Amino acid sequence: MRRVTLTQFLIEQQRAGRTTPELRLLIEVVARAVKAISVNVSKGALAGVLGEAGTDNVQGEAQKKLDVIANEILLQANEWGGHLAAMASEEVEEVHQIPFDYPKGGFLLLFDPLDGSSNIDVNISVGTIFSVLRNPEGEGEPTEQNFLQPGREQVAAGYALYGPSTQLILTVGDGVHGFTLDREMGSFIYTHPFMTVPNETQEFAINASNARHWEPPVQRYVGELQAGKTGPRGKDFNMRWVASMVADVHRILTRGGIFMYPLDEKCRDQGGKLRLMYEANPMAMIIEQAGGAATTGRERIMDLQPTKLHQRVPVVLGSAAEVERVTKYHLEG
């Protein structure tokens, strides 16, 4: 059986007219950065990279050492590639400009360098999430306004999962494709073609410790799931919660389910918990391309018009039938 590498896959996508040479090379640079992050994550305590970095990110959250390392790896790898007009990171407040002595390209890259990093010290899977937009035509260096595009404008999105194996999940708008890192070869191998989210499910993921803060539609929905066979749904459901969005979404992409970080009284003033540009939009594109659905509980995530770079939103995504039910409950009030 012929083993197809990520590079070969991207070249075939380019030949089919689904991507451009510039986008292909950009994704390859991101993939190289992911390999470097994977090495650092896998060394763990051996490399002295566990624990707090002693700094806070733009959201006021304590940064792990690996947050800082992953962020630097992605910035440095993508600065010199010549495919980007600018970058934005969840860990940095301002837009990151390409140094003046490097060539620039036509794309904008957004990323969460190490999603789920609170799990690092207990050796649970973490990941990297990224999103690619076209830079609107204009003079001068890109500003925050250049990035404030609805998720439907994304030209590519993906995530890396650093687990027992390192996997790269990618969409360029023609389905969702999975690659597994062959550590001996140093290449990502195409292992999961056209991944799909089953329409029906018996698994849900939500932080149940926030139950007292949930809005009535979420309490109603989760209550029905917990009632199991004796309730209105007539079947049992299992709850799963990794507290690493990449790991939770990957499970849904692999075997179905619904992931919820809804609006509640704890995060209402912020607008939600998860970041629209770095987490919600790229994951929504991936889930929709795999046949699932992604909403805020009230509207499609990828239709939202961003108002700021670090905007937060509620997220409900996964198997389409379940997401539609949760959204229906919200709209019914």
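Above: the structure in question.
Residues numbered from 1 in each chain as written. Predicted model: local features only at pLDDT ≥ 70, side-chain atom pairs only at ≥ 80, totals over all residues. Heavy atoms only, no water.

1. What about helix α6 (residues 245–255)?
Then, in step 1: Most of α6 sits inside the fold, with nine of its 11 residues counted as buried.
Then, in step 2: Within α6 the residues assigned to the buried category are M245, V246, A247, D248, V249, H250, R251, I252 and L253. (Buried < 20%, exposed > 50% of the residue type's maximum accessible area, 1.4 Å probe, protein only. Helix = DSSP H or I, 4+ residues; strand = E, 2+ residues; numbered from the N terminus.)

2. Examining the pairing of strand β3 (residues 84–89)
Then, in step 1: Among the six residues of β3, six are classified as buried, and the element is accordingly described as predominantly covered.
Then, in step 2: Direction of pairing for β3 relative to strand β5 (residues 107–115): parallel, over a ladder of five bridges. Bridged to S89 within β5 is F111.
Then, in step 3: With two bridges joining them, β3 and strand β4 (residues 96–97) adopt antiparallel strand pairing. (Pairing = 2+ DSSP bridges.)

3. A short note on the pairing of strand β9 (residues 177–182)
Then, in step 1: Judged by how many residues are buried, β9 sits mostly within the fold: six of six residues are covered.
Then, in step 2: Burial along β9 is two-sided: the residues H177, F179 and L181 and G178, T180 and D182 are all buried.
Then, in step 3: Pairing of strand β8 (residues 166–171) with β9 involves four bridges; the strand directions are antiparallel. Among the inter-strand pairings, Q167 is bridged to a residue of β9, identified as T180.
Then, in step 4: Hairpin connection from β8 to β9: five residues lie between these consecutive antiparallel strands, with G173 at a positive phi of about 95 degrees.
Then, in step 5: Note: β9 against strand β10 (residues 187–192), five bridges, orientation antiparallel. What sits directly across from L181, in β10, is F188.

4. A few points about the environment of I120
Then, in step 1: Take I120: it is sitting in the loop between β5 and β6 (126–134).
Then, in step 2: The exposure class of I120 is buried, given its relative accessible area of 8%.
Then, in step 3: A C-alpha to C-alpha distance of 27 Å links I120 and Y190, two positions 70 residues apart in sequence.

5. Quick look at the pattern of salt bridges
Then, in step 1: Under the criterion given, the structure shown has 20 salt bridges.
Then, in step 2: We note a salt bridge from E224 to R220, for which the minimum N-O separation is 3.7 Å. Separated by four residues within a single helix, E224 and R220 lie in helix α5 (residues 216–227), roughly one turn from each other.
Then, in step 3: The exposure class assigned to E224 is buried, which follows from its relative accessible area of 11%. (Salt bridge = Lys/Arg side-chain N within 4 Å of Asp/Glu carboxyl O.)

6. As for the packing of α5 against helix α8 (residues 320–332)
Then, in step 1: Following both chains from N to C, one finds α5 and α8 inclined at 140 degrees, their axes separated by 8 Å at the closest point. By the angle between their directions, the pair α5 and α8 is classed as oblique. Once α5 is placed against α8, the crossing between them reads as right-handed. On the side of α5, the interface is formed by P217, V218, R220, Y221, E224 and L225, while α8 contributes E322, R325, V326, Y329, H330 and E332.
Then, in step 2: The class makeup of the residues in the contact of α5 with α8 is six nonpolar, one polar and five charged. (Axes fitted to C-alpha atoms, helices over the stretch in contact; angles between N-to-C directions. Parallel < 35°, antiparallel > 145°, perpendicular 65-115°, else oblique. Left-handed = near helix turned anticlockwise from the far one by under 90°. Contact = heavy atoms within 4.5 Å. Nonpolar A, V, L, I, M, F, W, Y, C, P; charged D, E, K, R; others polar.)

7. Considerations on the nonpolar core
Then, in step 1: Y159, L253, F259, M283, V315 and L317 are the most contacted members of the largest nonpolar core, which totals 44 residues.
Then, in step 2: Taken together, the elements giving at least two residues each to this core come down to β3, β5, β6, β7 (156–162), α6, β13 (258–261), α7 (276–289) and β17 (315–318).
Then, in step 3: If one sorts the elements of this core by residue count, α7 sits on top with nine residues.
Then, in step 4: What L317 contacts, discounting residues up to four positions off in sequence, is M245, V249, I252, G257, I258, F259, M283, I287, A293, A294 and V323.
Then, in step 5: Grouped together as the second largest cluster of nonpolar side chains are 41 residues, L6, L10, V30 and F111 included. (Core = buried A, V, L, I, M, F, W, Y, C linked by side-chain atoms within 4.5 Å.)

8. What about the side chain of S117?
Then, in step 1: With respect to the helices and strands, S117 occurs in the loop between β5 and β6.
Then, in step 2: Within polar-contact distance, the side chain of S117 engages the side chain of D67 at 3.0 Å.
Then, in step 3: Discounting residues that sit within four places of it in the chain, S117 has contacts with K64, D67 and V126. (Polar contact = N/O pair within 3.5 Å; in protein donor to acceptor, adjacent residues only side chain to side chain.)

9. Some remarks on the environment of A16
Then, in step 1: Within the fold, A16 resides in the loop between α1 (6–15) and α2 (21–43).
Then, in step 2: Overall, A16 belongs to the partly exposed group, its relative accessible area being 44%.
Then, in step 3: Sequence separation between A16 and G291 is 275 residues; the distance between their C-alpha atoms is 22 Å.

10. Here's the deal with the sheet that holds β7
Then, in step 1: The strand order across the open sheet built from eight strands is β4-β3-β5-β6-β7-β8-β9-β10, with neighbouring strands paired in mixed fashion. Edge strands, defined here as strands with exactly one partner in the open sheet, are β4 and β10.
Then, in step 2: Bridge count for β5 against β6 is seven bridges, and the pairing is antiparallel. Bridge pairing links F111 to F130 in β6.
Then, in step 3: In the packing of α6 onto the sheet, contacts are made with β5, β6, β7 and β8, and the angle to β7 comes to roughly 105 degrees.

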